[in-house]
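Here's the letter readout for the chains.
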Amino acid sequence: MKNIAVIGVGYVGLVTGTCFADMGNRVICVDVNEDRIANLRQGILPIYEPGLEEMVRRNVNAGRLFFTTSYQDALNDPEARADMVFVAVGTPEGVDGEADLRYVRAVAETVAEIVDHPVIIVNKSTVPVGTGDWVADIVSHKQPNAVPFSVVSNPEFLREGSAIADFLNPDRIILGSLDRSAAEAIAQLYIPLRAPIMVTDLRTAEMIKYASNAFLATKISFINEIANICEALGADVKEVAVGMGYDKRIGRAFLDAGLGYGGSCFPKDVSALTHMANVQGKHPQMLEAVMQINADQRRSVMLKARELCGDLNGKTIGILGLAFKPNTDDIRDSPGIDLARMFQEQGAAVKAFDPVAMPNTARILKDVKLCADSYETVEGCDVVILATEWNEFKNINLIRVKNLMRLPIFIDGRNLYDPAMMYELGFIYRGLGRGYGKPVANGHKGQAAGATQAWGDWNATANNKGK
Ligand SMILES: NC(=O)c1ccc[n+]([C@@H]2O[C@H](COP(=O)([O-])OP(=O)(O)OC[C@H]3O[C@@H](n4cnc5c(N)ncnc54)[C@H](O)[C@@H]3O)[C@@H](O)[C@H]2O)c1
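Residues numbered from 1 in each chain as written. Predicted model: local features only at pLDDT ≥ 70, side-chain atom pairs only at ≥ 80, totals over all residues.

Examining the domain arrangement of the protein
Then step 1. Entries for the protein in the domain assignment read domain 1 (3-200) and domain 2 (202-467).
Then step 2. On the domain 2 side, the residues contacting the 30 residues of domain 1 number 25 residues.
Then step 3. In terms of residues, the side of domain 1 that touches domain 2 owes the most to one element, strand β7 (residues 173-177), which gives four residues.
Then step 4. Each residue belonging to the side of domain 1 that touches domain 2 can be placed in one class, and the counts come to 14 nonpolar, 10 polar and six charged. (Domains from an automatic or database assignment. Contact = placed C-beta atoms within 7 Å. Helix = DSSP H or I, 4+ residues; strand = E, 2+ residues; numbered from the N terminus. Nonpolar A, V, L, I, M, F, W, Y, C, P; charged D, E, K, R; others polar.)

Some thoughts on the pairing of β7
Then step 1. Within β7, five of the five residues are buried, which leaves it mostly tucked inside the rest of the structure.
Then step 2. Neither face of β7 is exposed, since Ile-173, Leu-175 and Ser-177 on one face and Ile-174 and Gly-176 on the opposite face are all buried.
Then step 3. Summarising the sheet, strand β6 (residues 149-153) and β7 pair through two bridges and their orientation is antiparallel. Looking across to β7, one finds that Ser-153 is bridged to Gly-176. (Buried ≥ 20, exposed ≤ 12 C-beta atoms within 10 Å, placed from the backbone. Pairing = 2+ DSSP bridges.)

A few points about the sheet that holds β7
Then step 1. Here we have eight strands laid out as an open sheet, ordered β3-β2-β1-β4-β5-β6-β7-β8, and mixed in their pairing. Taken across any chain shown, the strands that pair with only one partner, and hence form the sheet edges, are β3 (65-68) and β8 (197-200). With strand direction ignored, the average angle separating the axes of adjacent strands in the sheet is 25 degrees.
Then step 2. In the packing of helix α8 (residues 180-190) onto the sheet, the strands contacted are β4 (84-87), β5 (119-123), β6, β7 and β8, and the crossing angle to β7 comes to about 160 degrees. (Axes fitted to C-alpha atoms, helices over the stretch in contact; angles between N-to-C directions.)

Remarks on the nonpolar core
Then step 1. Of all hydrophobic cores here, the largest spans 84 residues; its most connected members are Ala-5, Ile-7, Val-85, Val-87 and Ile-121.
Then step 2. Other than its neighbours up to four places away in sequence, Ile-121 contacts Val-85, Val-87, Val-111, Val-135, Val-139, Phe-149 and Val-151.
Then step 3. Judged by nonpolar contacts, the second largest core, of 44 residues, contains Ile-319, Leu-365, Leu-407 and Tyr-417. (Core = buried A, V, L, I, M, F, W, Y, C linked by C-beta atoms within 7 Å.)

Looking at the site of the ligand
Then step 1. Near the ligand lie 26 residues; those nearest to it are Gly-8, Gly-10, Val-12, Ser-125 and Thr-126.
Then step 2. When contributions to the shell around the ligand are tallied by element, the ones reaching two or more residues are α1 (11-22) and α5 (102-114).
Then step 3. Split into classes, the residues belonging to the shell around the ligand amount to 13 nonpolar, nine polar and four charged. (Near = placed C-beta within 6 Å.)

Points about the packing of α1 against helix α3 (residues 52-61)
Then step 1. Viewed as axis vectors pointing N to C, α1 and α3 meet at an angle of 50 degrees, and their least axial separation amounts to 9 Å. Between α1 and α3, the interaxial angle falls into the category oblique. The chirality of how α1 crosses α3 is left-handed. For the pair α1 and α3, contact is made by Leu-14, Val-15, Thr-18, Ala-21 and Asp-22 and by Leu-52, Met-55, Val-56 and Asn-59, respectively.
Then step 2. By residue class, the composition of the contact of α1 with α3 is six nonpolar, two polar and one charged. (Parallel < 35°, antiparallel > 145°, perpendicular 65-115°, else oblique. Left-handed = near helix turned anticlockwise from the far one by under 90°.)

A word on the pairing of β6
Then step 1. Counting buried positions over the five residues of β6 gives five, a clear majority of the element.
Then step 2. Taking every second residue as pointing to the same face, both faces of β6 are buried, with Phe-149, Val-151 and Ser-153 on one and Ser-150 and Val-152 on the other.
Then step 3. Direction of pairing for β5 relative to β6: parallel, over a ladder of five bridges. When the sheet's bridge partners are listed, Ile-121 is paired in β6 with Val-151.
Then step 4. As a crossover connection, the stretch from β5 through helix α6 (residues 131-142) into β6 is right-handed. (Right-handed = clockwise from strand over helix to strand, strands pointing away.)

Some remarks on the environment of Ser-264
Then step 1. By the element assignment, Ser-264 lies in the loop between α10 (237-245) and α11 (266-279).
Then step 2. Separated by 66 residues in the primary sequence, Ser-264 and Asp-330 have C-alpha atoms spaced 7.8 Å apart.
Then step 3. If sequence neighbours within four positions are ignored, Ser-264 has contacts with Asp-330 and Arg-332.

Topic: the sheet that holds strand β9 (residues 316-320)
Then step 1. The sheet built from six strands is open, its strands ordered β11-β10-β9-β12-β13-β14 with parallel pairing. Every other strand in the sheet has two partners, leaving β11 (368-370) and β14 (428-430) as the edge strands with one partner each. Neighbour-to-neighbour, the strand axes of this sheet turn through a mean angle of 20 degrees, independent of strand direction.
Then step 2. Both β9 and strand β12 (residues 383-386) contribute to a ladder of four bridges, which runs parallel.

Points about the packing of helix α9 (residues 202-233) against α11
Geometrically, a packed helix pair is captured by the angle between its two axes and the distance between the axes.
Then step 1. Look at α9 against α11: their axes get within 9 Å of each other, and the N-to-C directions meet at 115 degrees. Relative to α11, the element α9 lies roughly perpendicular. Crossing of α9 over α11 shows left-handed handedness. Where α9 approaches α11, its residues Tyr-210, Asn-213, Ala-214, Leu-216 and Ala-217 are matched on the opposing element by Phe-266, Asp-269, Val-270, Ala-272 and Leu-273.
Then step 2. For the contact of α9 with α11, the class distribution of residues is eight nonpolar, one polar and one charged.

Thoughts on α10
Then step 1. Within the span of α10, buried status applies to Val-237, Lys-238 and Ala-241. Viewed along the axis of α10, the buried residues span an arc of 110 degrees, placing them on a single side of the element. Away from the buried face of α10 by more than 90 degrees, exposed residues Val-242 and Gly-243 are located.
Then step 2. Contact partners of the buried residues in α10: α9. (Arc of directions from axis to C-beta.)

Given below as C-alpha cells:
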C-alpha cells in the first residue's frame with residue numbers, strides 16, 4: 001500500500017486516483033476548483049464516465065480515497081505522507097499551438113513550497129518534450145529547504161468513455177526518468193496490472209505520448225483522405241477499411257472515416273508536436289496535412305448540406321450528437337459543436353441533442369435550440385447531421401425521423417447507417433466516402449442505389465407524392 005497524492009481531478013486525475021485506490025492504495029486527490037471538490041465529497045462527479053461513480057463511492061466508503069483543496073493535507077499528512085505525487089492538470093492549447101504549461105508550473109511551484117519530505121513527482125499530464133527537466137528546475141529553485149525529489153514521466157493513454165478499463169488493462173506503462181530507482185518505484189505500483197512496463201529517459205517518455213497520439217490522428221486523417229477519394233470514384237470506404245484492416249501490419253483500429261478527430265487530446269497534441277518541431281527548425285509536413293484534412297472534413301459536411309439544399313440561410317439544421325465521441329460528455333473540440341457554429345454562420349437555425357453532453361453544451365452554445373430527444377431535434381429540419389455515434393442513435397426510428405423532417409436530407413457524419421436502407425426509406429442520404437452502393441444480383445444493370453441520388457430526384461419524388 002502506497003500513499004499517493006493526485007493533483008488535478010479531471011478525467012485523468014479522477015480516474016487515476018480512483019483506480020490506484022481500488023488497487024488498495026491510499027489516495028488523496030487535490031484540486032484548486034473548490035466546487036469540484038465539494039461535489040466530489042458528496043459523491044457528485046465532474047465528468048460522465050461509465051462505471052466511475054460507483055468506483056469512487058466504493059473507495060471513499062472503504063477509506064482509501066479522499067478529496068481536498070489543501071496541498072498541505074494532500075502532501076504532508078503526518079499519518080500518511082505522500083511518497084508519490086501524480087500531476088494530472090490540464091495542458092490546453094496555447095497561442096501558436098504550443099501546450100500551455102501554466103497549470104503544470106503552478107503545481108511544480110506549490111509542491112516545491114509545501115512538501116516537507118522526499119517525494120517522487122510523476123507527470124501524467126501530456127507535456128512537451130523537456131518539461132520534466134523544466135519541472136525539476138522549478139522545484140529545486142522554489143524549495144525553501146532542499147528536500148530530495150525525483151521527476152518521472154508517466155504519460156497516460158486512457159480514452160474517455162472507456163477510461164477505467166483502459167487504465168486497468170493498459171497496453172503498456174511508460175516510465176521515463178533520469179533517476180532509475182524512482183522510475184522503478186513507480187513501476188512497482190503498476191505491477192498488479194500485468195502490463196508491459198518500459199523504463200526509459202524523461203524526454204523519450206514524453207515523446208512517446210505525442211508520437212502515439214499523432215500516429216492515431218494520422219490514421220484518422222489518412223482514412224478520411226481515402227474516403228474523399230472513394231467518394232469521387234464510387235468505392236465504399238467502410239469496406240475499404242475492413243479490407244485493409246485484415247492486414248496485421250495495418251490493423252482495423254482508427255480507420256473509421258467520419259467527421260475527424262476531436263476532444264481534449266488529439267487536436268492539441270498534434271498542434272503541440274507541430275509547434276515543438278517548428279521551434280527546432282524542422283518542417284513537420286505530415287502533421288500539418290493531418291490537421292488540415294481534419295479541419296476540411298468538418299467543412300465538407302457543411303458544403304454537402306449546401307450542395308443538397310442550396311443557400312443555408314433560413315434553413316433549419318438538426319445535429320444529433322454533441323460530445324466529441326460516444327460515452328463521454330466532453331465537448332472540447334467536438335465536431336458537433338463546430339458544425340453548429342458553422343451552420344449558424346451561414347444563417348441557419350440549429351437544433352441539437354446529445355444523450356449526456358447537453359449541460360456542457362448549454363454553457364457554450366448560444367442560440368442553439370437544445371432539444372429533449374432526437375425526434376424533437378429533427379422535427380421541421382431541412383437537414384439532419386449525425387455527428388456522434390451514440391448507441392441510442394443506432395436504433396433510432398428512422399421512419400419517424402423522416403416523417404418529422406421538412407426535407408429528408410440526412411448527412412451521416414459517422415457512416416452509421418446503411419446507405420441502401422436510407423435510400424429505401426426515402427432519405428436523401430450522404431455518408432462520407434460511401435461510394436455507389438453494394439453489388440446487386442444483376443450486376444452492372446443501371447445505377448446502383450446510392451450516392452448519385454440528387455436533390456432533383458427527390459424533388460420529383462416529393463412532387464409525385466400527392467398523385
Ligand atoms: N482527457 C483525456 O482523455 C486524457 C487522456 C490522456 C492524457 N490526458 C492529458 O492529461 C492531462 C489532464 O487532462 P484532463 O482531461 O484530465 O484535464 P481536465 O481539464 O479534465 O482536468 C484538469 C484539472 O486540473 C485542475 N487544476 C488546474 N490547476 C491546478 C492546480 N494548480 N492544482 C490543482 N489542480 C489544478 C483543474 O481544476 C481540473 O480539475 C492533460 O495534459 C491531457 O492532455 C488526457
